[in-house]
Amino acid sequence: RSSIVGSSAFFNCSNLTSVNFPECVSIGSGAFQQCSRLTTISFPECTNIGNGAFYVCSSLTTVSFPKCTMVEGDAFKQCFSLATISFPECTHIGNSAFYSCNSFTTVNFPKCTSIGGGAFSNCSRLATISFPECTVVEGFEFTGCYDLQSADFPNVSSMGMAAFMRCSSLSIVSIPKVSSIQMQTFQSCWNLLSLYL
């Protein structure tokens, strides 16, 4: 048993397929990076996931972190097989945290208040998003999410640069409290029909 998994603790353990840490509260930077055969993980008490913790865990399909409040940058970057994610308590998502996770179609972060740059860039199959408490979208968050059809951010005040650039299926956007929209935010959103500011 361990309450902390240190940085690079299992880096490039290419034959590791399953991990279970029932008492771990923190996962260090790059802890499981490039564990290319890892398919199953269990961290029921974890509250913090470090930078690049599961970077290029290309066989990982499902992750559930019921108590995690912080997902740091590159945490699940290029987890190409990741189809289901659950973070009911997460309040912050770091830069490029789910970059190129192109297997999941839906994300729901009911308590997230801020999304780092490029957090969901190139998640090409992502069609539905829910961030009811989010107030800050930094930039490039959903760039290249070609299947994304609608975006509803009821509390966001600032929409960052190129946040939805090349979201070619995006048709409906609702950002009723936004006070600032940066350049290229909706560039190449060819099917945008309705925009509520």
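Residues numbered from 1 in each chain as written. Predicted model: local features only at pLDDT ≥ 70, side-chain atom pairs only at ≥ 80, totals over all residues. Heavy atoms only, no water.

**Remarks on the sheet that holds strand β18 (residues 194–196)**
And then number 1: With parallel pairing, the three strands of this open sheet are ordered in space as β14-β16-β18. Strand pairing shows two members of the sheet lacking a second neighbour, β14 (150–152) and β18, which therefore form its edges. The mean inter-strand angle of the sheet, taken between neighbouring strand axes irrespective of direction, is 5 degrees.
And then number 2: Sheet analysis places strand β16 (residues 172–174) next to β18, joined by three bridges and oriented parallel. (Pairing = 2+ DSSP bridges. Helix = DSSP H or I, 4+ residues; strand = E, 2+ residues; numbered from the N terminus. Axes fitted to C-alpha atoms, helices over the stretch in contact; angles between N-to-C directions.)

**So, the sheet that holds strand β9 (residues 92–93)**
Working definition: the strands of a sheet are paired by backbone hydrogen bonds and lie parallel or antiparallel to each other.
And then number 1: Read from one edge of the open sheet, nine strands run β1-β3-β5-β7-β9-β11-β13-β15-β17, paired in parallel fashion. Strand pairing shows two members of the sheet lacking a second neighbour, β1 (4–5) and β17 (180–181), which therefore form its edges.
And then number 2: Where strand β15 (residues 158–161) and β17 come together, two bridges link them in parallel fashion. Of the residues in β17, the one forming a bridge with Ser158 is Ser180.

**So, unusual backbone geometry**
And then number 1: For Ser8, which is not glycine, the phi torsion reads 55 degrees and is therefore positive.
And then number 2: Among the secondary structure elements, Ser8 is positioned in the loop between β1 and β2 (18–20).
And then number 3: By relative accessible area, which is 42% here, Ser8 ends up partly exposed. (Buried < 20%, exposed > 50% of the residue type's maximum accessible area, 1.4 Å probe, protein only.)

**Looking at the pairing of strand β13 (residues 136–139)**
And then number 1: Relative to β13, strand β11 (residues 114–115) runs parallel, the two being bridged by two bridges. Bridge assignment links Ile115 to a residue of β13, and that residue is Val137.

**A few points about a nonpolar patch on the surface**
And then number 1: On the surface, Ile181, Leu195 and Leu197 cluster together into a nonpolar patch covering about 260 Å² of accessible area.
And then number 2: Within the secondary structure, Ile181 sits in strand β17. (Patch = residues over 30% accessible without salt bridge, like charges linked within 9 Å, V, L, I, M, F, W, Y side chains within 5 Å. Areas by Shrake-Rupley, 256 points an atom, 1.4 Å probe, with all protein chains shown as cover. Salt bridge = Lys/Arg side-chain N within 4 Å of Asp/Glu carboxyl O.)

**Description of the side chain of Ser100**
And then number 1: With respect to the secondary-structure elements, Ser100 resides in the loop between β9 and β10 (106–108).
And then number 2: For Ser100, a relative accessible area of 11% gives the class buried.
And then number 3: If sequence neighbours within four positions are ignored, Ser100 has contacts with Gln78, Phe80, Ser121, Asn122 and Cys123. (Contact = heavy atoms within 4.5 Å.)

**Considering the pattern of salt bridges**
And then number 1: On inspection of all chains with the given rule, the structure shows two salt bridges.
And then number 2: Across the pair Lys67 and Glu45 runs a salt bridge, and its minimum N-O distance is 2.8 Å. Placement of the pair is Lys67 in the loop between β6 (62–64) and β7 (70–71) and Glu45 in the loop between β4 (40–42) and β5 (48–49), with a sequence separation of 22 residues.
And then number 3: Its salt-bridge partner being Glu89, residue Lys111 comes within 2.8 Å of it at the nearest N-O pair. On the criterion of sequence distance, the pair formed by Lys111 in the loop between β10 and β11 and Glu89 in the loop between β8 (84–86) and β9 is long-range, its members being 22 residues apart.
And then number 4: Judged by its relative accessible area of 40%, Lys111 falls in the partly exposed class.

**Considerations on the packing of aromatic side chains**
And then number 1: Considering all chains together, one arrives at 30 aromatic pairs under this definition.
And then number 2: Between the aromatic rings of Phe43 and Phe54, the centroid separation amounts to 6.2 Å while the plane-to-plane angle is 70 degrees, which identifies the pairing as edge-to-face. Taken together, the positions of Phe43 in the loop between β4 and β5 and Phe54 in the loop between β5 and β6 put the pair eleven residues apart, joining distant regions of the chain.
And then number 3: A relative accessible area of 1% means that Phe43 is categorised as buried. (Phe/Tyr/Trp six-rings, centres within 6.5 Å; stacked < 30°, edge-to-face > 60°.)

**Section: the pairing of β15**
And then number 1: Pairing analysis gives three bridges linking β13 to β15, with the strands arranged parallel. Within β15, the position partnered with Val136 by the bridge is Ser158.

**A look at the environment of Gln34**
And then number 1: Structurally, Gln34 is set in the loop between β3 (26–27) and β4.
And then number 2: Separated by 79 residues in the primary sequence, Gln34 and Thr113 have C-alpha atoms spaced 29 Å apart.
And then number 3: Sequence-distant contacts of Gln34, that is, excluding residues within four places in its chain, are made with Phe11, Asn12, Tyr55 and Val56.

Function cannot be read off these values alone, since they describe shape.
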